[in-house]
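Results of the structural survey
What follows is the residue order along each chain.
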Amino acid sequence: MTQIDWEKEVDARKDDLLADLFELLKINSVKDMAHATEEFPMGPGPAKALQKFLELAERDGFRTKNLDNLAGHFEYGDEDLEAFGLLGHMDTVPVDDNWVTNPFVPVIKGEGAEAKLYARGASDDKGPSMAAYYAVKIIKELGLPISKKIRFIVGTDEESGWACMNHYMEHEEMPKYGFSPDAEFPIINGEKAIIGVKTTFPTLDGEGEYKLESFKAGMALNMVPAAATAVVTGDVAALEAPFNDFLSKNELKGSVKIEGDKGTFALEGVGVHAMDPTLGKNAGTFLAAFLNNYKFDASGANYLKVTADYYHLDHDGGPLGISYVHPVMGNVTTPANLFEYSPEGEKYVTLNVRYPDGITYQEIESKMNETLNPFGVKAEVEEGGHLEPHYLPGDDPMVRTLLDVYEQYTGEKGEEVSIGGGTYGRILEHGVAYGALFPWRESTMHQPNEYMYVDDILKSAAIYADAIYRLIK
Ligand SMILES: [Zn+2]
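Residues numbered from 1 in each chain as written. Predicted model: local features only at pLDDT ≥ 70, side-chain atom pairs only at ≥ 80, totals over all residues.

**Regarding helix H8 (residues 298–311)**
In an α-helix, one turn spans 3.6 residues, which is why side chains three or four residues apart end up on the same side. Along its 14 residues, H8 runs 19 Å from first to last C-alpha, staying within 8% of the 20 Å computed at 1.5 Å per residue. Buried residues dominate H8, accounting for 10 of its 14 residues. Of all the positions in H8, only Ser299, Gly300, Ala301, Asn302, Tyr303, Leu304, Val306, Thr307, Tyr310 and Tyr311 are classed as buried. Of the surrounding secondary structure, the elements contacted by the buried residues of H8 are strand S11 (211–217), helix H7 (283–291), strand S17 (336–341), strand S18 (347–355) and helix H9 (361–372). (Helix = DSSP H or I, 4+ residues; strand = E, 2+ residues; numbered from the N terminus. Expected span 1.5 Å × (residues − 1). Buried ≥ 20, exposed ≤ 12 C-beta atoms within 10 Å, placed from the backbone. Contact = placed C-beta atoms within 7 Å.)

What follows is the structure in structure tokens.
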């Protein structure tokens, strides 16, 4: 059989591909729960993008299925064949005022190899999904013999709760094998487990020179807090100068507002995604570390001490007794991301723990309880996380094939990559994430002025077509 020139096949369909992609990008598919209805569970936008995607598939002669406007799929190949899965998503993260162009009016700027397509969703994930879509379309149009059918599943809630995939799995069987074109090349074949561990503090009797009236930090479990606020009573004027010293010594920003014996301490750190907490400066733990230098009431002192001694500046669980390193997947990470304290009410710190193969959430919970027990602190794994790490070895045949194809089209070495999680790749029992961001490109996913190089969209489509065909022929 003659070699198929996948790049040529993609090139012949370049205008169609871009026209279809523009149609998807024009739909504002940010999750919009304010307008959610029974018909549109994520709001009208995500459903319209899903419908558009399925409409294209129907136009091109694929079997399609819409599962209540939450998720859907199309199929190619004999219905009885085992399915090879592809997983993308039609929802996007929100937009802000920092866009130069209208995020929902796609526009190509630059020429030739420098041409970039700007729009929300261009690189996450409508662009990569369309590249994979055209890969399947080409395989169909060439009428190539296949031994597995392709099932291309798209969701509308990837960016927040994955309600789409939960719904899908309640009603459809998830393919066992496959990949998700929703991350980076060369591949992501390892993803840590992701859990929330809530540590709840006791109310203790005993006064101090100062009283902790409230402590708050953090917006989301998967973000290292950028801001923290504590209200303290006592001789707070005496803390003002040391606080400013502490801020400048640690290159942080902040302010103190003093009203009589009450001081409100605000601290600004560097908020980052919890996947790599070493890149950030945790506003919550820094503020606790400062206040921990003073004599507080028993409850407040206990809260500040544990935070300062066990959660501050340590990202791998060492002080908690849960550090562990997997040779490929890396170490346990433990940023403390949600803080709440009130003297008579709730007192907790919730950690976003991510861990590789080789340690379990039961071990993490019991070790943390052992460590924190002397302080009366109780650690509990929250429901709704990803309890299992996901890892396909580097010598797995599918991983090997995907890396081979990547190497062939880029001339770069294709090595396995493990991350803090979580991509759609982990939904498939034998799944990975594969593209479409090339490692030498900056990521603009989730950022204003998101773009994708037009050449990268086309190259990904060729890589996907070649890889999928090798895996299903
Ligand atoms: Zn995505």
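Having seen the structure, we can now continue with the description.
**Quick notes on unusual backbone geometry**
For the peptide bond that leads from Asp124 to Asp125, omega is 5°, which places it in the cis range. Note that Asp125 resides in the loop between strand S5 (116–118) and helix H4 (126–141). For the bond from Phe185 to Pro186, the omega torsion is 0°, close enough to zero to count as cis. Relative to the helices and strands, Pro186 is located in the loop between strand S8 (183–184) and strand S9 (190–191). Backbone geometry places Asp68, a non-glycine residue, at a positive phi of 55°. Within the secondary structure layout, Asp68 lies in the loop between strand S1 (63–67) and strand S2 (71–76). Of note, the phi angle at Leu313 is positive, near 60°, even though the residue is not glycine.

**With respect to the environment of Asn222**
Relative to the helices and strands, Asn222 resides in the loop between S11 and strand S12 (227–233). With 17 C-beta atoms counted inside 10 Å, the residue Asn222 sits in the partly exposed group.

**What about the sheet that holds S17?**
In any sheet, the strands associate via hydrogen bonds between backbone groups, in a parallel or an antiparallel arrangement. One open sheet holds the eight strands; their spatial order is S13-S14-S12-S11-S17-S18-S10-S19, and the pairing between them is antiparallel. Unpaired on one side and paired on the other, strand S13 (253–259) and strand S19 (378–381) mark the two borders of the sheet. Within this sheet the neighbouring strands show an average axis-to-axis angle of 20°, counted without direction. Bridge count between S17 and S18: five bridges; the pairing is antiparallel. Looking at S18, one finds that Leu338 is bridged to Thr350. Against the sheet, H7 contacts S11, S12, strand S14 (262–268) and S17, and its axis sits at roughly 25° relative to S12. Helix-sheet contacts for H8 involve S11, S17 and S18, and the interaxial angle to S11 is about 40°. (Pairing = 2+ DSSP bridges. Axes fitted to C-alpha atoms, helices over the stretch in contact; angles between N-to-C directions.)

**Here's the deal with the nonpolar core**
In this structure, Ala135, Leu402, Ala461, Ala465 and Ile468 are the most contacted members of the largest nonpolar core, which totals 83 residues. With 12 residues, helix H11 (residues 454–472) is the largest single contributor of residues to this core. Contact partners of Ala465, with chain neighbours within four places excluded, come to Trp6, Glu9, Ala135, Ile138 and Ile139. (Core = buried A, V, L, I, M, F, W, Y, C linked by C-beta atoms within 7 Å.)

**Re the domain arrangement of the chain**
Domain annotation of the chain identifies domain 1 (6–191 + 390–472) and domain 2 (193–381). Placing the centre of domain 1 and that of domain 2 at their C-alpha centroids yields a distance of 38 Å. Facing eight residues of domain 1, the contacting portion of domain 2 comprises nine residues. A per-class count over the side of domain 1 that touches domain 2 returns two nonpolar, five polar and one charged. (Domains from an automatic or database assignment. Nonpolar A, V, L, I, M, F, W, Y, C, P; charged D, E, K, R; others polar.)

**Remarks on the packing of H7 against H8**
Two numbers describe how H7 lies on H8: the axes approach to 8 Å, and their chain directions differ by 120°. When the axis of H7 is compared with that of H8, the two are oblique. Two packed elements cross with a definite hand, and for H7 against H8 that hand is left-handed. On the side of H7, the interface is formed by Thr285, Ala288, Ala289 and Leu291, while H8 contributes Leu304, Thr307, Ala308 and Tyr311. Of the residues in the contact of H7 with H8, the class split is six nonpolar, two polar and no charged. (Parallel < 35°, antiparallel > 145°, perpendicular 65-115°, else oblique. Left-handed = near helix turned anticlockwise from the far one by under 90°.)

**Some words on the environment of Leu18**
Inspection of the secondary structure assignment puts Leu18 in helix H2 (residues 14–25). Between the C-alpha atoms of Leu18 and Tyr409, which are 391 residues apart in sequence, the distance is 21 Å.

**Points about the pairing of S11**
Alignment of S11 against S12, held across six bridges, turns out to be antiparallel. Bridge pairing in S12 links Phe215 to Ala230. Bridging between S11 and S17 involves three bridges; their strand directions are antiparallel. By the bridge assignment, Lys216 is partnered in S17 with Glu340.

**Thoughts on the packing of H2 against H4**
With their axes 10 Å apart at the nearest point, H2 and H4 run at an angle of 140° to one another. Judged by the angle between their axes, H2 and H4 are oblique. As H2 packs across H4, the resulting crossing turns out to be right-handed. Contact with H2, carried on its side by Leu17, Asp20, Leu21, Leu24 and Leu25, involves Lys126, Gly127, Met130 and Tyr134 of H4 and no other residues of that element. Class assignment for the residues of the contact of H2 with H4 results in six nonpolar, one polar and two charged.

**Some details on the sheet that holds S2**
The strand order across the open sheet formed by six strands is S1-S2-S6-S3-S7-S22, and the pairing between neighbours is mixed. Bordering the open sheet on either side are S1 and strand S22 (430–433), each of which pairs with just one other strand. The sheet shows a mean angle of 15° between the axes of neighbouring strands, direction not considered. Across seven bridges, the pairing between strand S3 (residues 83–89) and strand S6 (residues 149–155) is parallel. Opposite Ala83, over in S6, you have Lys149 as the bridge partner.

**So, the pairing of strand S7 (residues 177–180)**
Note that S3 and S7 share three bridges and pair parallel. Looking at S7, one finds that Leu86 is bridged to Phe179. Sheet topology note: the S7/S22 ladder contains four bridges and is parallel. Of the residues in S22, the one forming a bridge with Tyr177 is His430.

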